[in-house]
Amino acid sequence: MAANAVLSPTAKRRPVSWGNPLTYALALAVAAVSITPVVYVIIGGFRTTPQIVADPAGLPDPWVWDNYARVLTQSDFWRQVFNSAVVSLGTTIGVVVLGVCAAFVLARYTFRGREVLYTFFTLGLLFPAGAAILPLYLMLRDLNLINSYYAVILPQVAFALPLTIVILRPFLTAIPRELEDAAAIDGTGRLGFLWRILLPLSRPALVTVGILAFVTSWNAFLLPLLVLGDASLHTLPLGVQNFSSQYTSDTAGILAFTSLAMLPALIFFTFAEKQIVGGLQGAVKG
Amino acid sequence: MTSTNPTLDLAGGASAPPAGPRPARRSSARAAETRRKWYEIIGLTTPAVIVYVMFVLVPMGFAFYYSLFRWRGVGPPTDYVGFDNYVLAFQDPIFLDALRNNAIIVFGSLLIQGPIALGVALLLNRNFRGRTVFRLLAFVPYVLAEVTVGIMWKLLLSDAGTINAMLESLGLGGLVQAWLADLDVVIWTLLAVLTWKYVGFAIILLLAGLSNVPQELNEAAAIDGASWWQIQRHVTLPLLGPTIRIWMFLSMIGSLQVFDVIWVTSVPAVRSLGASATMATYMVDNGFFARLWGYGNAVAVILFAISFVAAVLFQRFLLRRDIEGAITRRAN
């Protein structure tokens, strides 16, 4: 039912009107609390450290580009962006491919043990990734995977699988049986049905799980902290943390680095927001 | 949708599904088709099962095994100590502080974020010009990486930082604190930062839930003369129940294993005194950085056990009905 709601969002739109002043006052207050610290950090990046020390709450006077220029040209920023991109894309592709295959079987096949298999996967929702981190490190060490992208990608795929399957299965189930029968009559096997009909139809759900996996991976800190000791493999969160502890006195530089590290997530989310809220509709209500 | 299907149990105890109707007569073509079907089932699920078992289930098993040894992580563990590591943990006042801090974060998050998120979600669900922009702005803290949030607040909250300077200039100098260094204050500071960071997640979930509330219901209530407040109280809120409970569940599990924000924001010295430690930071500090692998794994098992018991209890008492329709919907 919920999946249907997302596949065919109720198209009825109320006329958009100007709300009353109270609505705007409250909305502005919410926005202010949310973004003032962020704006402060971004603007702070345009000041010099002496300016910040003299008046922590002031505006740049004059505005300096040097901090941002320094981070973009001299630090490992781009290297870390690259590493983050590789790890996040690898994780996303892995989660979506493995998740779709498993969810497809759990949604469209009738077989003995199906619900046991599903419960087996949902059990993973109860395993906090944090709790498994120490043995995970030891295992990756024994597999000689420490200091490789795989050390981050594989566990992230594994821990994202349960949620992915839980979100995807209702979507794949909701697609009418008649389509499968029609495809069968036209001589398309089940796998052809998956590839040519099911996947295109469940694009919204695929994008949602993809975005969730990507953002989680992009922001991840604990796992990379333990398994990526080699600085040349550091992802952006590790880079930000290192920069801030290495150059403690360079407040302006830290602010600039932090701002730049925020940007990709903010841009990405601006474009994907509708998709995330839309995709979650299926997951939060039956 | 009230389903009569067997409910799935998040905590385990799977209910066996009714097997599909057995063919009365098996022609060889049908046998071939059945075989083909099983090849597909096995071929498609095996990669996921292998990755999941290997990187989620196996490590948890090993955590328990390692936790029974005194072990520095070099060579195979040999110094078997039984449950000593667990006893040690519960005798360590720092670990007990970490437990208390986790409890503060779990309940503090639920009690503070819940009402705020509900209010903001109802507000941003109203239809007014610019709503999309305000929604985006409200989600910003949630989207940012934990590390950037941590470093940002660490700078803002430092002794000579912006927050204190602003308090001073507003004539509120009496409120100036050592936000991150005062042992009695730091956990509440961290709770505030966590609230700022994660309330957006609750808002996203609630907005998704709100968009599932049929518009017709609100319109019908409005025609019957109900005010906006009455509609929210008597129509929307009850329908939002499942979403609220699922958020509570996710928030609770997240609070029990919180690591990133705490680790980055709080000073190691303060953490090592227990004032700002959580179970997860305690585990990483002791297991990974102090190389007490056996002990660290015992803490991991305790963390897991507490999360597991909390999840099962929550599911038994609050989530039972919702699970049926939501996160473990039975396919059919």
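Residues numbered from 1 in each chain as written. Chains lettered and ligands numbered in written order. Predicted model: local features only at pLDDT ≥ 70, side-chain atom pairs only at ≥ 80, totals over all residues. Heavy atoms only, no water.

A.B. asks: Looking at this structure, how should I read the overall build of chain B?
C.D. replies: What chain B contains, in helices and strands, is 13 helices and two strands. Evaluated residue by residue, chain B yields a buried proportion of 52% over its 332 residues. Intrachain contacts of chain B at a sequence separation of at least 6 include 68% that bridge at least 24 residues. Summed over all atoms, the accessible surface of chain B reaches about 14900 Å², with 65% contributed by carbon and sulfur. (Helix = DSSP H or I, 4+ residues; strand = E, 2+ residues; numbered from the N terminus. Buried < 20%, exposed > 50% of the residue type's maximum accessible area, 1.4 Å probe, protein only. Contact = heavy atoms within 4.5 Å. Areas by Shrake-Rupley, 256 points an atom, 1.4 Å probe, with all protein chains shown as cover.)

A.B. asks: Can you help me understand the overall build of chain A in this one?
C.D. replies: The secondary structure content of chain A amounts to 14 helices and zero strands. The helix and strand sequence of chain A, counted from the amino end, reads α-α-α-α-α-α-α-α-α-α-α-α-α-α. Here chain A holds 286 residues, and the buried ones make up 57% of them. The long-range fraction of contacts in chain A, counting pairs at least 24 apart against all pairs at least 6 apart in sequence, stands at 71%.

A.B. asks: I'm lost on the interface of chain B and chain A in this one. Help?
C.D. replies: Often, the extent of an interface is quoted as the loss of accessible area on bringing the components together. Chain B puts 110 residues into the contact, and the matching count from chain A is 111 residues. In total, about 9900 Å² of surface goes out of reach between chain B and chain A, with carbon and sulfur atoms giving 74% of it. The interface formed by chain B and chain A contains two salt bridges. Where Arg-190 of chain A meets Glu-40 of chain B, a salt bridge forms, and the shortest distance between an N and an O atom there is 2.8 Å. In this structure, the connection of chain B to chain A is made through 13 residue pairs in polar contact (both at pLDDT 80 or more). (Buried area = accessible area lost by both parts, 1.4 Å probe. Salt bridge = Lys/Arg side-chain N within 4 Å of Asp/Glu carboxyl O. Polar contact = N/O pair within 3.5 Å; in protein donor to acceptor, adjacent residues only side chain to side chain.)

A.B. asks: What is the right way to look at the UniProt feature "transmembrane region" (unreviewed entry) in chain B in this model?
C.D. replies: All names here are of chain B. The sites that UniProt annotates as "transmembrane region" (unreviewed entry) are residues 41-66, 103-124, 136-156, 185-208, 246-264 and 292-314. The annotated region residues 103-124 carries 100% helix and 0% strand content, and the separation between its end C-alpha atoms amounts to 31 Å. The annotated region residues 292-314 carries 96% helix and 0% strand content, and the separation between its end C-alpha atoms amounts to 33 Å. (UniProt positions renumbered as here; feature names shortened; annotations may be inferred.)

A.B. asks: Looking at this structure, I do not really get the nonpolar core. What am I missing?
C.D. replies: In summary, soluble globular proteins display a tendency toward joint burial of nonpolar side chains. Phe-104, Phe-121, Leu-226 and Val-227 of chain A together with Met-283 and Val-284 of chain B are the most contacted members of the largest nonpolar core, which has 121 residues in total. Mapping this core onto the domain boundaries places at least three of its residues in each of domain 1 (28-80) and domain 2 (84-325) of chain B. Apart from the residues within four sequence positions on either side, Leu-226 of chain A is in contact with Ile-133, Leu-134 and Tyr-137 of chain A together with Val-284 and Phe-288 of chain B. (Core = buried A, V, L, I, M, F, W, Y, C linked by side-chain atoms within 4.5 Å. Domains from an automatic or database assignment.)

A.B. asks: Explain the confidence of the model for chain B here, please?
C.D. replies: Residues shown with low pLDDT carry predicted positions that ought not to be read at fine detail. Residues and elements named next belong to chain B. When the pLDDT values of chain B are averaged, the result is 84; 88% of them are 70 or greater. This model gives residues 1-20 a pLDDT under 50, and the stretch forms 45 contacts once residues within four places in sequence are excluded. Throughout residues 324-332 the model reports pLDDT below 50, and contacts reaching past four residues in sequence, or to other chains, amount to 41 contacts. (pLDDT = per-residue confidence, 0-100.)

A.B. asks: Sorry if this is basic, but what is going on with the pattern of salt bridges here?
C.D. replies: Side-chain pairing between opposite charges can occur once the charged atoms of the two side chains come close. Residues and elements named next belong to chain A. According to the stated counting rule, one finds 12 salt bridges over all chains in the structure shown. Arg-70 is paired through a salt bridge with Asp-250; the nearest N and O atoms lie 2.9 Å apart. One end of the pair, Arg-70, is in helix 4 (residues 66-74); the other, Asp-250, is in the loop between helix 13 (236-246) and helix 14 (251-284), and 180 residues separate them in sequence. The partner of Arg-114 in a salt bridge is Glu-115, with the nearest N and O atoms 3.1 Å apart. The residues Arg-114 and Glu-115 share a single accessibility class, namely buried. The structure contains a network of salt bridges with shared partners spanning Arg-108, Arg-177, Glu-180 and Asp-181.

A.B. asks: Which parts of the structure should I look at to understand the side chain of Asn-85 of chain B?
C.D. replies: Positionally, Asn-85 of chain B belongs in helix 2 (residues 84-91). Only 2.9 Å separates the side chain of Asn-85 of chain B from the backbone oxygen of Phe-69 of chain B, close enough to count as a polar contact.

A.B. asks: Looking at this structure, how should I read the side chain of Ser-307 of chain B?
C.D. replies: Within the secondary structure, Ser-307 of chain B sits in helix 13 (residues 293-325). Discounting chain neighbours no more than four positions away, the residues touching Ser-307 of chain B are Pro-128 of chain A together with Ile-253 and Leu-256 of chain B.

A.B. asks: Explain the packing of aromatic side chains here, please?
C.D. replies: Where two aromatic rings form a pair, the distance of their centres and the angle of their planes describe that pair. Applying the stated rule across the entire model yields 39 aromatic pairs over all chains. Geometrically, the ring pair formed by Phe-83 of chain B and Tyr-86 of chain B is tilted, given 5.6 Å between the ring centres and 45 degrees between the ring planes. Overall, Tyr-86 of chain B belongs to the buried group, its relative accessible area being 11%. Note on Trp-228 of chain B and Trp-229 of chain B: the rings are 5.1 Å apart at their centroids and 80 degrees apart in plane angle, and the pair reads as edge-to-face. Assessed through its relative accessible area of 28%, Trp-228 of chain B is described here as partly exposed. Through successive ring pairs, a cluster of aromatic residues spans Tyr-137 and Phe-221 of chain A together with Phe-259, Trp-263, Phe-288, Phe-289 and Trp-293 of chain B. Directly above the ring of Phe-288 of chain B sits Arg-291 of chain B, whose terminal nitrogen or CZ lies 5.5 Å from the centroid. (Phe/Tyr/Trp six-rings, centres within 6.5 Å; stacked < 30°, edge-to-face > 60°. Lys NZ or Arg CZ within 6 Å of the ring centre and 35° of its normal.)

A.B. asks: So what exactly am I meant to see when it comes to the UniProt feature "transmembrane region" (unreviewed entry) in chain A here?
C.D. replies: Residue and element names in this part refer to chain A. The UniProt record marks residues 22-43, 85-109, 116-137, 149-172 and 252-272 with the feature "transmembrane region" (unreviewed entry), using the residue numbering of this structure. Summarising residues 22-43: 100% helix, 0% strand, and an end-to-end C-alpha distance of 29 Å. The span residues 149-172 is 100% helix and 0% strand, and its two end C-alpha atoms sit 31 Å from each other.

A.B. asks: What is the right way to read the environment of Ile-116 of chain B from this model?
C.D. replies: With respect to the helices and strands, the residue Ile-116 of chain B is situated in helix 3 (residues 93-125). A sequence separation of 84 residues divides Ile-116 of chain B from Gly-200 of chain B, and the C-alpha atoms of the two residues are 9.8 Å apart.

A.B. asks: Honestly, the confidence of the model for chain A in this entry has me stumped. Any pointers?
C.D. replies: Averaged over all residues, the pLDDT of chain A equals 84, while 90% of them reach at least 70. Counting contacts from residues 1-13 of chain A, a segment whose pLDDT is below 50, to residues more than four positions away or on other chains yields 19 contacts.

A.B. asks: Can you walk me through unusual backbone geometry in this structure?
C.D. replies: Of all residues except glycine, most have a negative phi; of all peptide bonds, most are trans. All names here are of chain A. That bond from Asp-61 to Pro-62 is cis: its omega, -5 degrees, falls within 30 degrees of zero. Looking at the secondary structure, you find Pro-62 in the loop between helix 3 (49-54) and helix 4. A positive phi angle, close to 60 degrees, is found at Asn-144, a residue other than glycine. Even without being a glycine, Asn-147 presents a positive backbone phi close to 60 degrees. Considering the arrangement of structural elements, one finds Asn-147 in the loop between helix 7 (133-142) and helix 8 (149-174). For Asn-147, a relative accessible area of 34% translates into the label partly exposed.

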